[in-house]
Amino acid sequence: MKQGLHDLAGAGLPWGAARPTTPRVPPQPGPAEPGAAPRERAAGPTGVRGEHTHSETPIRVPRAAVQRSSVRGQILDALRTALVTGELEPGEVYSAPVLGERFGVSATPVREAMQQLALEGAVEVVPNRGFRVVRRGARELAELAEVRALLEVPVLLRLARTVPPGRWAELRPLAEDTVRAAGSGCPAVYAESDRAFHRAVLSLAGNEQLVGIAEDLHRRSQWPLVGPQARRGRTALLADATEHLALLDALISGESEEAARLVGEHFGAGRPA
């Protein structure tokens, strides 16, 4: 069993941050005894004893569950990054307690994050042991690419005919971000910027369900493979990012036929986009 992740501090969880604590609630007065004089209200910072402050807005203390959910989200992001970089190795089994110790938290939020990854198909539950990272091959990647193309290409072609050039120009900074991220050679950094660009493009359709489904498929297509195609190098990432800029240039200039050709190349069979 894998005993932890190697240097996962850079994968998204802010190491060294203080753990969430349960808010302390001051003791509440119990019911008054029969015949007892009413208790006086404690003096506030600016008030006097027994003063009523009906005009003040009551302060709501955040529940601990909200803080735990925030920690789980950070761990989930870190684990997703570790999947993309290969730090969570396909076929290996990881236990929630061991990962929790590595993250500096209890096993509960780690287990919750792993259960979410199981729903996404990234890991599978191994009873009494933990979670095994699913092995993926080229066939699964090709199937994901085909589904993404069936979903996104018709939308992109429709948007090419209906969205004004000015709106496409607003997306150029995101496309340039993907080029910079690809230049870093880090798969996790590029994966995040790549999804951000595609998410912004699809958002122009105004269909939140479409954006959510496409985001899930895109994320799954970025998990590493098993075998010779396991890693995409810096050259491949730069080639993919450069297509974003070329597509935007065609859309801004109104070259719909060129845009259609570039969309087809970007969603070529068997390759992530």
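In this report, the structure presented in the accompanying data block is examined. Within any chain, residue numbers begin from 1 and follow the written order of that chain's sequence. Selection of residues for local features in this predicted model requires a pLDDT of at least 70, selection of side-chain atom pairs for listing and counting requires 80 or more, and totals for whole chains, interfaces and linings are taken over all residues. To get the side-chain values, take all heavy atoms of the structure and skip hydrogens and water.

### What to know about the overall build of the protein
In terms of helices and strands, the protein carries 10 helices and 3 strands. Helices and strands in the protein line up, N terminus first, as α-β-α-α-β-β-α-α-α-α-α-α-α. Only heavy atoms matter for contacts: two residues are in contact if any of them lie within 4.5 Å across the pair. The long-range share in the protein, meaning contacts at least 24 apart out of those at least 6 apart in sequence, stands at 72%. Areas reported as accessible are Shrake-Rupley estimates using a 1.4 Å probe. Residue values count occlusion only from the protein chains shown. As displayed, the protein has an accessible area near 15,900 Å², and 53% of this comes from carbon and sulfur atoms. The helix count covers DSSP runs of H or I at least four residues long, the strand count covers runs of E at least two residues long, and both are numbered beginning at the N terminus.

### Looking at helix 2 (residues 96–103)
The buried label goes to any residue with under 20% of its type's maximum accessible area, the exposed label to any with over 50%, and the partly exposed label to all in between, with areas taken from a 1.4 Å probe on protein chains only. Buried residues of helix 2: A96, V98, L99, G100 and F103, and no others. Counted as a polar contact is a pair of N or O atoms within 3.5 Å, where, for protein atoms, one must be capable of donating a hydrogen and the other of accepting one, and residues adjacent in sequence contribute only when both atoms are in side chains. Put simply, S95 is the residue that caps the front of helix 2, since its side-chain oxygen is 3.3 Å from the backbone nitrogen of V98. Two residues or fewer after helix 2 comes G104, characterised by a positive phi angle close to 80 degrees.

### Quick look at the environment of P173
Structurally, P173 is set in helix 6 (residues 172–184). Each C-alpha atom, one on P173 and one on L245, is 9.6 Å from the other, the two residues being 72 residues apart in sequence.

### What to know about the side chain of R195
Among the structural elements, R195 can be located in helix 7 (residues 187–203). Taking relative accessible area as the criterion, R195 reaches 7% and is therefore assigned buried. A polar atom in the side chain of R195 sits 2.7 Å from the side chain of Q222. Excluding anything up to four places from it in sequence, R195 contacts E215, H218, R219 and Q222.

### With respect to the environment of L156
Following the sequence through the fold, L156 ends up in helix 4 (residues 138–162). Once the C-alpha coordinates of L156 and A260 are considered, the two residues, 104 residues apart in sequence, prove to be 8.4 Å apart. For L156, the contacting residues outside a window of four places in its chain are V201, V263 and F267.

### Overview of helix 6
Compared with the 18 Å implied by 1.5 Å per residue over 13 residues, the 19 Å span of helix 6 between its first and last C-alpha is a close match. Taken together, the buried positions of helix 6 are A175, T178, A181 and A182. When helix 6 is viewed along its axis, its buried side chains cluster within an angular range of 115 degrees and face the same direction. Those residues of helix 6 that are buried lie in contact with helix 7 and helix 9 (234–252). Given the number of residues in a helix, its expected span is that number minus one, multiplied by 1.5 Å. Think of the arc as the fan of directions from the helix axis to the C-beta atoms.

### Some thoughts on the nonpolar core
In globular proteins that are soluble, nonpolar side chains generally tend to be buried together. By size, the foremost hydrophobic cluster in this structure holds 26 residues, and its most contacted members are W168, L171 and L248. For this core, the secondary-structure elements that each account for two or more residues are helix 4, helix 7, helix 8 (208–221), helix 9 and helix 10 (256–266). Residue contacts for L171: discarding those within four places in its chain leaves F197, A200, V201, L204 and L248. Within the second largest apolar cluster, 23 residues are counted, among which are V71, A78, Y94 and L99. Buried residues of nine kinds, namely Ala, Val, Leu, Ile, Met, Phe, Trp, Tyr and Cys, make up a nonpolar core once their side-chain atoms join them within 4.5 Å.

### Comments concerning the pairing of strand 2 (residues 123–126)
Only when DSSP finds a minimum of two bridges between them are two strands counted as paired. In terms of strand pairing, strand 2 meets strand 3 (residues 130–133) through 4 bridges, oriented antiparallel. Bridge pairing links E124 to R132 in strand 3.

Honestly, that's just the spatial picture; any functional story needs more than this.
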